[in-house]
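Below are the chains, spelled out letter by letter.
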Amino acid sequence: MSRLPRLAARNVGRNRRRSLITGLAIIVCVGMVVLVKGFIDGVRYLMVADVVEGRAGALQVHQKGFVDNIEAVPTRMNIPYTPELVAKMKAVPGVAGVTGRLMFNGLIGNGVTQTMFIGRGLDLEHEEEACPRSKASVKPGGAPLLPGDTTHVLVGYELGESFAVALGKTVNVQSNSPTGRSNSMDLTVKGFSSSSFPFENKRVITVPLATAQSLLGLQGRVTEYAIRVDDLEQLEEVRRGLQAALGPEYEVHTWQELNTFVRDLINRQDFIMGAIAFVLFVIALTVIGNTMLMSVFERVREIGTLLAVGVRRVQVLQLFVLEAALLGMFGGLAGAAVGQLALRIIASIGIPLELPGTSSVAMLRPYTGWGYTGLAVAVAVIGALIASALPARRASRLNPVEALRNG
Amino acid sequence: MRLLALLTMCLALPALAADPTVEELLKKYDAIMGPESFETETTMSATREDGSVRTYEMKFLKKDADKFRVWFGAPASVKGQEMLRNGESLWVYLPNLKRATRIASRDNFQGGDFNNADVLRVNYAADYTGTLVASDLPETWLLQLKAKNPDTSYDAIKLYIRKSDLQPVRGQYFGTSGQMIRSAEFSDHKEFEKGYTRPARVVMKNELVKARKSEMVMKSVKLNVSPPAQRFTLRRCSR
C-alpha cells in the first residue's frame, strides 16, 4: 500500500509532457480564481471602507422605530446626546469610537432661488473617532470645518455650482423644528465638499452639530449615533452588545442594514464571483478527466502487466486516483502561488478605479486572504479526484490478457 | 381746581379708550382673519423665482377654530384636490389617487409662500403673547408677538394694525434665529358683510427668495354658514 503513492508520483513524473499540460491547466484555473477573487475583494474593501469609515460608521443607533418609519418627520425622532450615553456605548466591548449626528433637510437659498438639501450636523470634535474618513474632502480653495465654525457651511460642490455660490459668500439655510417652527440662518460657505457618492455632491450640506441644533431648535439632541468597531468581523456581536446596553428605546443597525444598496452590490459581486469560479473549475476538471482518460488508453499494456503480476484491481484504481490527486495538489498549490504573487504585485502598484455609483477615483489594491486560496487548492484536489474516478474505474476493469495483447 | 380735574378726565378718557389691550387686538385680529365660521371664494397667485405665475382658485369652508376644508377648482393640475384640517391633523385629498395623505402645517400651501398654518390655522390669541411697542408706521399699532409654545410656525411676528379700524396692514414673520422669513401686506379692506370688514388682498412675500411672493384675493366671504361637523371628515372628501 505504501508503495502506491510512490508509484503514482513516479508515474506523474515519467509522463512529463502530459503532466505539464494538465498541471498548467490547473495552475491557470486556480490562479485565475484567486486573481478574480482578489479583485472582487479589493473592490468590496473599497466600498465597505467608503461606507463604514467615510459615511455611515459600522453601526448606528437611532430611536426605536426610526429606520422603519417613513411617514413622520425624521427629526421628530431625536435622541439625547449626552456624555453618559456616549460613555455607555463606549463601555460595550468592541466599540472603538462614538459620535452624534443630526440629519435634517430644508431649503438652501442664495437670495434669488432656493432648493432642497439634506443636511448633516456633525460633532466635529468626535466625528473622526467614529468615521475616520468622514471629513468630507474639500475642493481646493476651501477649508474643512472646524469645531468653532458655527456660522460656516460646507456645500456639496455640484449643489454649489448649480447655485453659482462662491467661496466666502453667504447662503441662507432654512429648515423647520420637528414641531414645525420655521427658522433660517445665513451661513458662510467655507468650502465645497466632494464625495464619492454623486447624491452627496448634489444635495448634501455639512454644518457643525451646534449650528444644526440651533437651526432646528434641538439643543443637546441628535438623530443618530455613528459607531466604529474594532473588528468588522465581530460586527454582529457588538451590535447585540450595544442593543443590550441601550435597552429597548433604541435600535442598533449595522451598516449593511442601512446601506442596502451597497450590500446588494456586494452580494451581486459575490454571485458573479461564484459563477466565474464555477466555470473555471469545470474547465480544470475537464482537462484532468481528459488527461487521465488519455493516460489510461496509453498505458493499457502497463495496466495489463500490473494486473498480471498480481496487483489488485482496487490498487490500480487507487493508483490512478492518487496520480490525479497529486496533479491536482501540485497544480493547485502552484496556481495559488502564482495568483497570490500576481495579486501582490498588482496591489503594490495599485489600480485607479471608479467605483460603481460613485464619481471619484479610488486606488484598488486587490487582496484576498489565505482562507479562500486554500479553499481553491482543496477544490482543485477534490475536483481532480472526481474527474479521475471514471478513467480509473475503467483502468481497473481491464482484462489483463486482453490488455497485454492489445497494448 | 375741580374744573381742572374734570377737564383732565375728559381729555384722558378718549385717550384711555383708544389704547386697546394686546388681548383685544389679538382677538380682533383673529375675528377678522378667521371668523368662527365662514365660506369664501379665493384666488391665489404664486409668483415663482423664475417669474412664472400660477393662479389657483379655491373655496374655503371653516367651522369652529380647528375645522377647515378647501376645494381647488383651477388650474387643471389641482382641480378636484381638497385639503382638510380637523383638529391638529391636516390632509390633502388627491382625486386621481382617490386617497388622502397627511401633510404638515409647515409645508407650503400649494407650493406658494403661505404655509399651511398661515392659511388653515389663524388663532394668534391662543398661540402668541404680545406686547405693544412704538410703531414705525404712522397711524398704526405695532404688536410684537412671541410664540407661547414651540409648535407655532413662527417664533415671532410683528403685526401692524391700523388705529382707525383695527384692521391689519402689515405682518412680518421671524424664525428662532431672528431672521425675517416672510412678510405680508394686507390691503383692499372691504366690508364683505354688514359689520364685517377684512383685507381682501394679502400679499405674502418670501424674504429669503425676494423674487417669490404669493397673493391671495378673496372674492366673497359669507359668515355664519355653520356647516355640519361631518363635512370635515376624510370620508367626505371628493363629495
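Residues numbered from 1 in each chain as written. Chains lettered and ligands numbered in written order. Predicted model: local features only at pLDDT ≥ 70, side-chain atom pairs only at ≥ 80, totals over all residues.

Caption draft 1: Quick peek at the overall build of chain A. If you tally the helices and strands in chain A, you get 14 helices and 14 strands. When each of the 407 residues of chain A is scored for burial, the buried share is 43%. For chain A, contacts bridging at least 24 residues in sequence account for 81% of all contacts bridging at least 6. (Helix = DSSP H or I, 4+ residues; strand = E, 2+ residues; numbered from the N terminus. Buried ≥ 20, exposed ≤ 12 C-beta atoms within 10 Å, placed from the backbone. Contact = placed C-beta atoms within 7 Å.)

Caption draft 2: Structural view of the overall build of chain B. Each helix and strand in chain B was counted, giving four helices and 13 strands. For chain B, the residues scored as buried account for 33% of the 239 residues in total.

Caption draft 3: Seen up close, the interface of chain A and chain B. Across the contact, 18 residues belong to chain A and 19 residues belong to chain B. Put simply, the parts of the chain that give the side of chain A that touches chain B at least two residues each are β7 (170–176) and β8 (182–194) of chain A. Examining the composition of the side of chain A that touches chain B, we find that four residues originate from one element, β8 of chain A, more than from any other. Taken together, the residues of the side of chain A that touches chain B sort by class into three nonpolar, 14 polar and one charged. (Nonpolar A, V, L, I, M, F, W, Y, C, P; charged D, E, K, R; others polar.)

Caption draft 4: Region of the structure containing the packing of helix α10 (residues 260–298) of chain A against helix α13 (residues 370–396) of chain A. Residues and elements named next belong to chain A. As a packed pair, α10 and α13 sit with axes 8 Å apart at the nearest point and diverge in direction by 30°. When the axes of α10 and α13 are compared, the pair comes out roughly parallel. The chirality of how α10 crosses α13 is right-handed. Here α10 contributes F281, A284, L285, I288, G289, M292, L293 and V296 to the contact with α13, which in turn contributes V379, A380, G383, A384, I386, A387, S388, P391, A392, R394 and A395. (Axes fitted to C-alpha atoms, helices over the stretch in contact; angles between N-to-C directions. Parallel < 35°, antiparallel > 145°, perpendicular 65-115°, else oblique. Left-handed = near helix turned anticlockwise from the far one by under 90°.)

Caption draft 5: Representation of the confidence of the model for chain A in the model. Mean pLDDT over chain A stands at 83; residues scoring 70 or higher make up 95%. Averaged over each element, pLDDT in chain A is lowest for strand β14 (residues 361–364) of chain A (69) and highest for strand β9 (residues 204–208) of chain A (89). (pLDDT = per-residue confidence, 0-100.)

Caption draft 6: Up close: helix α7 (residues 209–216) of chain A. Residue and element names in this part refer to chain A. Within α7, six of the eight residues are buried, leaving the element largely enclosed by the surrounding structure. Burial in α7 covers these residues: L209, T211, A212, Q213, L215 and L216. On the buried face of α7, the contacting elements are β3 (95–109), β4 (114–122), β7, β8, β9 and β10 (221–222).

Caption draft 7: Geometry of unusual backbone geometry. Residues and elements named next belong to chain B. For the bond from A74 to P75, the omega torsion is -5°, close enough to zero to count as cis. With respect to the helices and strands, the residue P75 is situated in the loop between β3 (67–74) and β4 (82–86). Positive phi, normally seen in glycine, also occurs at D188, with a value near 55°. Checked against the element boundaries, D188 lands in strand β11 (residues 180–193).

Caption draft 8: Here's a closer look at the nonpolar core. Residue and element names in this part refer to chain A. Counting 51 residues, the largest nonpolar core has V153, V155, I205 and I227 as the members making the most contacts within it. Per element, the largest residue contribution to this core is five residues, and it comes from β3. Not counting the four nearest positions on each side in its chain, I227 is found in contact with G57, A58, L59, Q60, V61, M89, V95, G97, V98 and A130. Listed in part, the 43 residues of the second largest apolar core include A25, A284, V287 and L398. (Core = buried A, V, L, I, M, F, W, Y, C linked by C-beta atoms within 7 Å.)

Caption draft 9: Region of the structure containing the pairing of strand β1 (residues 38–47) of chain B. Residues and elements named next belong to chain B. Here 10 bridges tie β1 to strand β2 (residues 53–63), and the two strands are oriented antiparallel to one another. Within the sheet, the bridge partner assigned to T42 lies in β2 and is M58. Once β1 ends, the chain turns through five residues before running back antiparallel as β2, passing G51 with a positive phi of about 95°. (Pairing = 2+ DSSP bridges.)

Caption draft 10: Up close: the environment of S226 of chain B. With respect to the helices and strands, S226 of chain B occurs in the segment after β13 (213–223). Along the backbone, S226 of chain B and E39 of chain B are 187 residues apart, and their C-alpha atoms lie at a distance of 9.2 Å.

Caption draft 11: Up close: the environment of V52 of chain A. Residue and element names in this part refer to chain A. In this structure, V52 sits in helix α2 (residues 16–52). By C-beta crowding, V52 is classed as buried, having 26 other C-beta atoms within 10 Å. Expressed as a C-alpha distance, the spacing of V52 and A130, which sit 78 residues apart in the sequence, is 8.9 Å. In this structure, V52 is in contact with G57, A58, L232 and W255, ignoring residues within four places of it in sequence.

Caption draft 12: Spotlight on the environment of T206 of chain A. Residues and elements named next belong to chain A. With respect to the helices and strands, the residue T206 is situated in strand β9. Given 29 C-beta atoms within a 10 Å radius, T206 is considered buried. T206 sits 14 residues away from F192 along the chain, and the two C-alpha atoms are 9.6 Å apart.

Caption draft 13: The confidence of the model for chain B, seen in detail. On average, residues of chain B carry a pLDDT of 81, and 92% of them reach 70 or more. The complex model carries a pTM of 0.69, and its ipTM stands at 0.70.

Caption draft 14: Layout of the packing of α2 of chain A against α13 of chain A. Residue and element names in this part refer to chain A. Where α2 meets α13, the axes come as close as 10 Å, and the angle between the chain directions of the two elements is 150°. Taken together, the axes of α2 and α13 lie roughly antiparallel to each other. As for the relative orientation of α2 and α13, their crossing is right-handed in sense. The segment α2 lies against α13, with I26, V30, V33, V34 and K37 engaging Y372, T373, A376, V377 and A380. Classifying every residue of the contact of α2 with α13 by side-chain character gives eight nonpolar, one polar and one charged.

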